[in-house]
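Examination of the molecular architecture
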Amino acid sequence: NSETFWTTTGMFPQEFIIGFPKCVKISKVAIQCYLVRTLRIEKSVSEDPVGFEQCIEKDLQHTEGQLQMEEFPLPEFQATYLRFIIKSAFDHFVSVHRVMAEGT
């Protein structure tokens with residue numbers, strides 16, 4: 001729903017975890033967010049959200065007044081959980097509007 005979003009509480013880092021019903025193969029992750037400066041994505045193949053390993057860390061472009069839209073191709077990537085860590089921002093608060101994962 002484009003009318004809903006998750007927002008931070010003003011301090012960094014901030015994180016959220018997305019879990020899948022079982023370990024899946026992911027070929028691409030896309031995120032739509034606002035005012036995120038540095039984003040890290042980690043994965044876990046455990047049954048519980050533990051034992052994360054870093055996959056991607058990227059500084060995003062500042063897009064004044066528009067959503068940031070980033071895609072991350074992930075070859076040979078398996079995960080049960082994805083952890084998104086917003087390490088820094090262009091403002092005190094940021095928002096995440098959509099996260100999409102493609103794969104099988």
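For clarity, every value in this text was computed on a predicted model and none was experimentally measured.

A word on the sheet that holds strand 5 (residues 68–89). Within a beta sheet, neighbouring strands are joined by backbone hydrogen bonds and run either parallel or antiparallel to one another. Overall, antiparallel pairing links the 6 strands, which are arranged 1-6-2-5-3-4 in an open sheet. Each edge of the open sheet carries a strand with a single partner, namely strand 1 (6–7) and strand 4 (53–59). One ladder, built from 8 bridges, connects strand 2 (residues 14–34) with strand 6 (residues 95–103); its direction is antiparallel. Bridging from a neighbouring strand, isoleucine 31 pairs with valine 99 of strand 6.

Take the confidence of the model for the chain next. Of the residues in the chain, 99% reach a pLDDT of 70 or more, and the chain-wide mean stands at 94. The secondary structure element of the chain with the lowest average pLDDT is strand 1, at 92, and the one with the highest is strand 3 (residues 36–44), at 97.

Attention now moves to the nonpolar core. By size, the foremost hydrophobic cluster in this structure holds 22 residues, and its most contacted members are Ile26, Leu39, Ile41, Leu82 and Phe84. Of all elements in the fold, only strand 2, strand 3 and strand 5 reach the threshold of two or more residues within this core. Considering each element in turn, this core owes the most residues, 8 residues, to strand 5.

The topology assignment puts arginine 83 in strand 5. Looking at arginine 83, its side chain comes within polar contact range of the side chain of glutamate 42, at 2.6 Å. Leave out the neighbours within four places in its chain, and arginine 83 touches Glu15, Phe16, Ile17, Arg40, Ile41, Glu42 and Phe52.

Conventions adopted
- Residues numbered from 1 in each chain as written.
- Predicted model: local features only at pLDDT ≥ 70, side-chain atom pairs only at ≥ 80, totals over all residues.
- Heavy atoms only, no water.
- Pairing = 2+ DSSP bridges.
- Helix = DSSP H or I, 4+ residues; strand = E, 2+ residues; numbered from the N terminus.
- pLDDT = per-residue confidence, 0-100.
- Core = buried A, V, L, I, M, F, W, Y, C linked by side-chain atoms within 4.5 Å.
- Buried < 20%, exposed > 50% of the residue type's maximum accessible area, 1.4 Å probe, protein only.
- Polar contact = N/O pair within 3.5 Å; in protein donor to acceptor, adjacent residues only side chain to side chain.
- Contact = heavy atoms within 4.5 Å.

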